[in-house]
Every structure is written in C-alpha cells, then in structure tokens.
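These are the residues of each chain, in order.
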Amino acid sequence: MLIHKRSDFPKGFVFGAATSAYQIEGHKHGGAGRAMWDDFAATPGNVIRAEDGATACDHYHHYPADLDLLKEGGFDAYRFSTSWARVMPDGRTVNPEGLDFYDRLTDAMLERGLKPCATLYHWELPSALADRGGWRNRDIAGWFGDFTEIIMGRIGDRMHSVATINEFWCVAFLSHFLGHHAPGLRDIRATARAMHHVLLAHGTSIERMRGMGLGNLGAVFNMEWAMPADDSPEAVEAAALYDDYYNRFYISGAFKGTYPARVVEALGQHFPDRWQDDFGTISAPLDWAGVNYYTRSILAPNDGPWPHHHSVEGPLPKTQMGWEVYPKGLRDFLVRTAAEYTGDVPLWVTENGMANADTMTDGVVQDEARIDYFNAHLGAVRDAIAKGVPVKGYMAWSLLDNYEWALGYEKRFGMVHVDFDTLARTPKASWHAFREMLGA
Ligand code: FCB
C-alpha cells in the first residue's frame, strides 16, 4: 500500500506515469525510419540477446488500452515522447503516418482527461542523421529545431508541457564516452562535442517553440547523487568531478550559461570552436525543469586516464538493475537544484521508479518492493516541498514493462506487467496502490 495521500501534496500537484517512444511503441509499425538504436542493437554484444524495439509493447496499436490504464489508475498526466525517426524517417522528410499517430495519441489523452506532457527526444536518432555525425555534428541543432517545428506544429496546441531532451548526460556521456548506449562510441572528443551540441539543440528547440507561441517548456535532467568512497581528498575530488560532469554540467549550461570549471579544464580542448558564444541560445529561459532520479554513485580515485575514478559497489539494498535504493538523494537534489540553479522555476520529478524481478502467480504480480520504493521516494518529494521547493508533479517510471535499452526486455520497470509474447497487460500491485492513493 502507498502510505501517502493526495492531500499530503499541495493542491494541484500532478501525478503521472512516464514512458518513451522507442521503448514501447513498436518501431516496425507506421512507417518509422531506422533509428540508431536499431543499429546499436543489431551489433553483437551491445544489447542482451540483441533485442530491439521493433515490437516492444506494440503501444502503436494498444495505445487506447494503455491510456485507459492511466485513467483507471487515477493518474492526471502522461509523459510520453515523440520519436524523431517515426515523424521524419530520414531525419529530414515528414512521414504523415507518424504525425497522424501522435495526433491520435494526443486526442486520446485529452478524451481521458490526461494532461499530455511531451518529450521531444528520448534517444531514437534517425540513422540517416547518425550517418552525418549525429550529436557530433553541430548541424544537429538546426535539424532538431526543424523536427521540433514539425511535430509541435501538429500537436503543440494541445500539450500541457513540452520537454526538449530526455537526460542530456545519457545522450552525450553514456553514449559517446562509456559506449553503453547508441551510438556506442568510446571517444573523449566525440563526447565533449555531443555534450555541447545536445545543449545547443535544446536551446534551438526552445527558441523555435517560443517562436510558435508555445509555453510551459522545459527539459529533463538525470541526476545521480555522487559520494566519495572514503574521506581522502582524492575520493572527495572524484565525487566532485563526477557530480560536475554528470549532474551539474547540463543544468548549469541551461540555467546559468556556464559550465563547471573542472569539466572545462578537462574537456574544453575538445569543445567546438567559440563554444562560449552559444550560451545565449543554450540558456534561454525555461518554464520548468525535470529531474529524473533513481540512485546514487560512490566514487573512488584510480590511476587511469581522465576522469581518474570509477564507481564502487555500495552497501544499500539494490534493485534489479543493481542500483542502490537511496531516496534521500532525491530530496537533496530537489533542494539543491532550486537553491543553486532554478530558483522559483517549477520542478517536476519526471522519472523515478525501480526494476524488479517480478513474477506473476495466478495472474497477480505482487511487486511490494516497488511500492516500498515509491513510498520512500514520494516521502523524499514531500520533504523537499516542506523545505519550500516548488515541486509541481511526480511521474513514475514506468507505466509498462518495456525495452530497457542495452538490457533488452529483461529488466521490468512497469506498474503494469507486459507479457512480451502475447502483449497482454496485467496491472501489478503497485498500479493498484497508486489507484487507491489517487482515489480513482
Ligand atoms: C532512464 C531513461 C528511461 C529508462 C529509465 C530506467 O535513464 O530515461 O528511458 O530507461 O532510465
């Protein structure tokens, strides 16, 4: 059971669930173009069992039933994303079927009284643009601006909110430095350029949407609380550096028009020419900021090349991902983000949840661990609100079990179980707990 009540949160506080296009829609449907995740998954060793998003949850066809689950669960909002490769299969040419799909989806949300909260980019870069250098190419800012105008020209009039980019750190660092996500590069110079270009694309997209008269615009930053493995100055420095390039870099660019000094010192030589001139675009004012939060990281120094550190295993209970459950980090991030970056700008928890090795017995999925996780993190949100942080909404990740990127269909994050053979949906205990709490 969830121990919180709607009335424990400020009036008008929005509860939602989040998903993303490639993870649920079924990329083989509706004329979607090849995306870099299709290529990444087709390359041996990148994704468990080389699984891809061709079918996923087939939300492309099941979306009315999926939106019913949100409505019946008592949720107020749905955070979804618009696939660039579906709307513009080669990144530049419009696929009318793709636009039609998001148009239908939007109306279906409104018919159910759900607030549509769009994210423009949740990682399925069209392969044709990856061919042209993807996030390494400065031109991506204009390409993304064009995509923004096309998709928002169709559905922008009905959005409750729009985010540009989901998780800047993952787009740039996880995918170009660590190589864990598409395009799977491990290249420091590609990383530095992607870090800057993803922010430039964000700012360009905001400019275009302002030009269209759209409002309630923001972006989604993922954060992982960084802690030193011990109290040695080297470990403390390792955690501070991780904090800078993971948590602070993007929100500092967007809200302050600067990058943390440690990151500039290490990567500045790889940034594009005259990168400082771009902050006028990058730090255009935003109406809200989203924080995605799952866990913390514990850093120890090493003798390797930059960043001279690695993460070590912590002692706390872990989720199916091996991620420690550390709710205090969510409260501390909300407090810190408001104090140091966003001020009075509304904050949203745009993702929070856990993977669990769920099992179904007699049609029932008793995911108590997930309910405990939500309880603890909703408590952290309440603590932040009590400290005066303007948190306006909370989106659970995720509505459905789905394609968990490099981990394929193995890790289950849903409040609704999906049988990936039959595509049957079964609400788990956590969905029922939300339903009870939200008073549906
Ligand atoms: C976030 C992603 C989301 C999902 C969760 C578990 O980093 O935004 O797509 O994979 O993690």
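Attention here is on the structure that accompanies the text. (Residues numbered from 1 in each chain as written. Predicted model: local features only at pLDDT ≥ 70, side-chain atom pairs only at ≥ 80, totals over all residues. Heavy atoms only, no water.)

### Digging into the pattern of salt bridges
A full pass over the atoms with the stated rule returns 38 salt bridges. Of the charged contacts, one joins Lys328 and Asp332 as a salt bridge, the two residues approaching to 2.8 Å between their closest N and O atoms. Here Lys328 and its partner Asp332 are both found in helix 13 (residues 328-342), four residues apart, which amounts to about one turn of the helix. Taking the relative accessible area as the measure of exposure, Asp332 reaches 14% and is therefore buried. Between Lys428 and Asp358 there is a salt bridge; the shortest N-O distance is 2.5 Å. On the criterion of sequence distance, the pair formed by Lys428 in the loop between strand 13 (425-427) and helix 15 (429-438) and Asp358 in the loop between strand 8 (347-351) and strand 9 (360-361) is long-range, its members being 70 residues apart. Judged by its relative accessible area of 11%, Asp358 is buried. What emerges from the salt-bridge pattern is a single network uniting Glu237, Asp243, Asp244, Arg248, Arg262, Arg336 and Glu340. (Salt bridge = Lys/Arg side-chain N within 4 Å of Asp/Glu carboxyl O. Helix = DSSP H or I, 4+ residues; strand = E, 2+ residues; numbered from the N terminus. Buried < 20%, exposed > 50% of the residue type's maximum accessible area, 1.4 Å probe, protein only.)

### What to know about the site of the ligand
In the vicinity of the ligand, the contacting residues are Gln23, His122, Trp123, Asn166, Glu167, Tyr294, Glu351, Trp397, Glu404, Trp405 and Phe413. Between Glu351 and the ligand, the recorded distance is 3.0 Å, taken from a side-chain N or O atom to an oxygen atom. Here the ligand loses 94% of its free accessible area of 290 Å² to cover by the protein chains. (Near = heavy atom within 4 Å. Polar contact = N/O pair within 3.5 Å; in protein donor to acceptor, adjacent residues only side chain to side chain. Areas by Shrake-Rupley, 256 points an atom, 1.4 Å probe, with all protein chains shown as cover.)

### A look at the nonpolar core
In terms of nonpolar packing, the biggest core is built from 134 residues, with Trp135, Tyr250 and Phe434 touching the most fellow members. It is helix 10 (residues 233-256) that provides the largest number of residues to this core, a total of ten residues. Setting aside residues up to four positions removed in sequence, Tyr250 forms contacts with Phe168, Trp169, Ala172, Phe173, Met195, Val198, Leu199, Phe221 and Tyr245. Ala77, Val220, Met321 and Trp348 belong to the second-largest nonpolar core, a separate cluster that totals 16 residues. (Core = buried A, V, L, I, M, F, W, Y, C linked by side-chain atoms within 4.5 Å. Contact = heavy atoms within 4.5 Å.)

### Looking at unusual backbone geometry
Ala182 connects to Pro183 through a cis peptide bond whose omega is 10°. In this structure, Pro183 sits in the loop between helix 8 (168-176) and helix 9 (188-211). Of note, the amide linkage connecting Trp306 to Pro307 takes the cis form, showing an omega dihedral of 10°. Mapped onto the fold, Pro307 is located in the loop between strand 6 (288-301) and strand 7 (309-312).

### Re the pairing of strand 2 (residues 77-81)
In terms of burial, strand 2 is a largely internal element, five of the five residues being buried. Where burial is concerned, the two faces of strand 2 agree: the one with Ala77, Arg79 and Ser81 and the one with Tyr78 and Phe80 are both buried. With three bridges joining them, strand 1 (residues 14-18) and strand 2 adopt parallel strand pairing. Bridging across to strand 2, Gly16 finds its partner in Ala77. As judged from the five bridges shared by strand 2 and strand 3 (residues 115-121), these two strands associate in the parallel manner. The residue of strand 3 that forms the bridge with Arg79 is Cys117. (Pairing = 2+ DSSP bridges.)

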